[in-house]
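Chain by chain, the residues run as shown.
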Amino acid sequence: MKTIKCGIKAFDIHELLCHFVAQRGGFYAAAGLDVRLVDTTFTPDDRLPGANYFQVACGAAAFSQNVSFKVYLAAVTKPMFWLYGSAGTESVEQLAGKCIATYPPLAPPYWFNRITLRNHGLDPDNDVELKPARDDAIRLGLLREGAVDAALISSAISPVTIQGQGLNVLSLVGDEIRFVTSGIATTEKIAQDDPDWVENLVGAYRQSLAAIHDSAPEIHSILVDVMDISQEVAEKTYDLVVPCYTRDGHIELGTLQAALDTLDAERGSEAAIDAGELYDFRLVG
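The following refers to the structure shown. In this numbering scheme, every chain counts its residues from 1 along its sequence in written order. The model is predicted, so local features are restricted to residues of pLDDT at least 70 and side-chain atom pairs to those at 80 or more, both for listing and for counting; the totals for chains, interfaces and linings are taken over all residues. The basis for the side-chain values is all heavy atoms of the structure; hydrogens and waters are excluded.

1. A closer look at the pairing of strand β3 (residues 53-57)
- With respect to burial, β3 is a largely interior element, 5 of its 5 residues being buried.
- Residues Y53, Q55 and A57 line one face of β3 and the alternating positions F54 and V56 line the opposite face, and both faces are buried.
- In short, DSSP must find at least two bridges between two strands for them to pair. Secondary structure elements are defined from DSSP: runs of H or I of at least 4 residues count as helices, runs of E of at least 2 residues count as strands, and each element is numbered from the N terminus. Inspection of the sheet shows strand β1 (residues 2-8) paired to β3 by 3 bridges, in the parallel sense. Directly across from K5, in β3, lies its bridge partner Y53.
- By the bridge criterion, 2 bridges tie β3 to strand β10 (residues 182-187) in an arrangement that is antiparallel. Any residue under 20% of the maximum accessible area for its type is buried, any over 50% is exposed, and the rest in between are partly exposed; the area is computed with a 1.4 Å probe on protein chains only.

2. Regarding the layout of surface pockets
- Cavity: a set of points on a 1 Å grid over the protein atoms alone where a 1.4 Å probe fits but cannot get out. Pocket: an open set with protein on both sides within 12 Å along at least five of seven lines, its lining residues, like those of a cavity, having an atom within 4 Å of a point. Grid points are joined across faces, edges and corners, and a volume is the space filled by probe spheres set on the points. Its boundaries defined by the atoms lining it, the largest pocket holds a volume of some 1,300 Å³.
- Contributing to the lining of the largest pocket are 43 residues, with K9, T41, L106, A107 and P108 lying nearest its centre.
- Residue assignment for the lining of the largest pocket shows that the elements contributing at least two residues are α1 (13-24), β3, α3 (58-63), α4 (108-119) and α5 (136-144).
- Gly counts as polar in this scheme, as do all residues outside two lists: the nonpolar Ala, Val, Leu, Ile, Met, Phe, Trp, Tyr, Cys and Pro, and the charged Asp, Glu, Lys and Arg. Its residues placed into classes, the lining of the largest pocket shows 22 nonpolar, 11 polar and 10 charged.
- Considering only enclosed or pocket space, the second largest pocket measures out at about 350 Å³ in volume.
- As for the second largest pocket, its lining consists of 20 residues, of which A62, F63, S64, A272 and I273 are closest to the centre.
- Top element by residues in the lining of the second largest pocket is α3. It accounts for 3 residues.

3. A word on the pattern of salt bridges
- For this analysis, a salt bridge means a side-chain nitrogen from Lys or Arg found within 4 Å of a carboxyl oxygen belonging to Asp or Glu. Taken as a whole and judged by the stated rule, the model has 13 salt bridges.
- D135 is paired through a salt bridge with R134; the nearest N and O atoms lie 3.4 Å apart.
- The shortest N-O distance in the salt bridge between D280 and R282 comes to 2.6 Å.
- Residue D280 is classed as buried on the basis of its relative accessible area, which comes to 11%.
- With a relative accessible area of 71%, R282 lands in the exposed category.
- Three or more residues joined by partner-sharing salt bridges are found here, namely R114, R118, D125 and E266.

This is the structure:
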């Protein structure tokens, strides 16, 4: 059994549903892998483990400046972040002149939020006030208390739960931009030095993706446990999120290049990211 570390930026189904399915379904064990989670939120990329390491936060891998990552499997290609509005706000367009609780600029969702606003005719620098907040709990709290008019929140809290609090879903980021935000990413050096476990890991995650799409009752059970929600909410949450996951770990490079170009333009990046250099889907066919 080979022990490897899985770097995470958030403890939510967006990053970790494939992991939970692989763990509880025995896919890791069958692949000879013992996967241990590690929070890398505050770890610089150049201080990440140099061996036996991968991360599921593929958006962060794309934005890395110090380490050369490759993404070998695309699990989520419709980013699972929802823009919510207060009870009186029913569309993104209505946010003109309003305050929005968002992610810090270092996090990819901050830029997804800006792109969402632009897609609806709003200039994120002039038409709204973006207020970066530390985490989902604070963003949701600010929205519920009326300190902001909208908030961007991850899958750590079910949209079903949030809507039950009288708040409105204005947009799913995954409907605004297609991008690999979760999957399997590791450094080129690690993949070259020890390719067998990378291949085995990809195989285990492909089994997870198949189960996510084809074994709804098992996924409902995981959602109940991990998200601490009722069976009814789990079933409704599953119906909302399952379209965000790929079936086979693959997405066309042309789609990804268009997303990268949009992100580069929004971020004002000097060096464009080449999808062909960042993504390598040979192991998923």
